[in-house]
Amino acid sequence: MDNGAGIIAARPIHARAMAAIHAAGFRAAERWSAEAIGRLLALPVCFGLLHPAGGMLVGRVMADEAELLTVAVDPTARRQGLGTALARRAIAEARGRGARSMFLEVSAENGGARRLYGALGFAAIGRRPKYYAGGGDALVMKRTLSGPGEVEAG
Ligand SMILES: CC(C)(COP(=O)(O)OP(=O)(O)OC[C@H]1O[C@@H](n2cnc3c(N)ncnc32)[C@H](O)[C@@H]1OP(=O)(O)O)[C@@H](O)C(=O)NCCC(=O)NCCS
């Protein structure tokens, strides 16, 4: 299991590398360009994480709410804990920025990602029908980041 030791805070100069990993993880219509990633990383409310073994994540914190905008792991590096390590680091980053909850959207058909998020303490709180270009539904998942009695998942 990857402990995330090599993860770095991404800056706009990392956008190209992150876009390449994203492109390997998503269908053409869902890919984010290096320009789009670079623009997000330049925003103070956004943060990026890059795993040198082939993982990337973009998150955003506004007021006390965080959103995990995207995460991808290169197909050759999957099932080694990179996705989990990136999501854990994002949770820590969001907490450090003052977020009290984190949200994300995931395809209802993406069983692997849903399992990953569930293991980290996210729970489905809503559904957006026909959200994706191909007609698939999105699930909205939420995880509390702070509060009395919270038990750290994992
Ligand atoms: C989802 C994704 C980021 C997971 O990355 P990863 O590094 O392989 O994830 P991890 O190794 O941390 O997996 C942790 C757990 O999640 C679950 N999981 C992850 N991928 C899975 C899959 N394809 N099938 C079933 N379970 C899966 C498993 O429970 C896994 O634990 P295990 O390997 O001990 O069984 C990666 O598959 C990916 O980039 N997919 C394409 C892009 C995508 O779907 N992103 C998420 C969109 S919201």
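Reference entry: report on the structure contained in this document.

**Digging into the overall build of the protein**
So, step 1. For the protein, the helix and strand inventory stands at four helices and seven strands.
So, step 2. In sequence order, the secondary structure elements of the protein are arranged as β-α-α-β-β-β-α-β-α-β-β.
So, step 3. Taken over C-alpha atoms, the radius of gyration comes to 15 Å for the protein, in line with the 15 Å a tight globule of 154 residues would show.
So, step 4. By principal-axis analysis of the C-alpha atoms, the protein measures approximately 40 × 35 × 30 Å.
So, step 5. Evaluated residue by residue, the protein yields a buried proportion of 31% over its 154 residues.

**Quick look at the site of the ligand**
So, step 1. Taken together, 19 residues form the shell around the ligand, and within it Arg78, Gly83, Thr84, Gly112 and Leu116 come nearest.
So, step 2. For the shell around the ligand, the element with the highest residue contribution is helix α4 (residues 111-119), accounting for five residues.

**Brief notes about the nonpolar core**
So, step 1. Met18, Leu49, Leu57, Leu86 and Ala90 are the most contacted members of the largest nonpolar core, which has 35 residues in total.
So, step 2. For this core, the secondary structure elements donating two or more residues are α1 (15-25), α2 (34-41), β2 (46-51), β3 (55-62), β4 (65-73), α3 (82-96), β5 (101-107) and β7 (138-144).
So, step 3. Counting residues per element, this core draws most heavily on α3, which supplies seven residues.
So, step 4. Not counting residues up to four positions away in its chain, the partners in contact with Leu86 are Ile7, Leu49, His51, Gly55, Leu57 and Val71.

**Topic: α1**
So, step 1. Listed as buried for α1 are Ala15, Met18, Ala19, Ile21 and His22. Seen end-on, α1 carries its buried residues on one side only, within an arc spanning 165°.
So, step 2. Elements in contact with the buried residues of α1: β1 (8-10), α2, β2, β3 and β4.

**Focus: the packing of α1 against α2**
So, step 1. Running from amino to carboxyl end, α1 crosses α2 at an angle of 125°, the nearest separation of the two axes being 8 Å. Put simply, α1 runs oblique to α2. In this structure, the crossing between α1 and α2 has a hand that is right-handed. Two secondary-structure elements touch here, α1 through Ala15, Arg16, Met18 and Ala19 and α2 through Ala34, Ile37, Gly38 and Leu41.

Reading the values: the criteria
Residues numbered from 1 in each chain as written. Predicted model: local features only at pLDDT ≥ 70, side-chain atom pairs only at ≥ 80, totals over all residues. Helix = DSSP H or I, 4+ residues; strand = E, 2+ residues; numbered from the N terminus. Rg over C-alpha atoms; globule rule 2.2 N^0.38 Å. Buried ≥ 20, exposed ≤ 12 C-beta atoms within 10 Å, placed from the backbone. Near = placed C-beta within 6 Å. Core = buried A, V, L, I, M, F, W, Y, C linked by C-beta atoms within 7 Å. Contact = placed C-beta atoms within 7 Å. Arc of directions from axis to C-beta. Axes fitted to C-alpha atoms, helices over the stretch in contact; angles between N-to-C directions. Parallel < 35°, antiparallel > 145°, perpendicular 65-115°, else oblique. Left-handed = near helix turned anticlockwise from the far one by under 90°.

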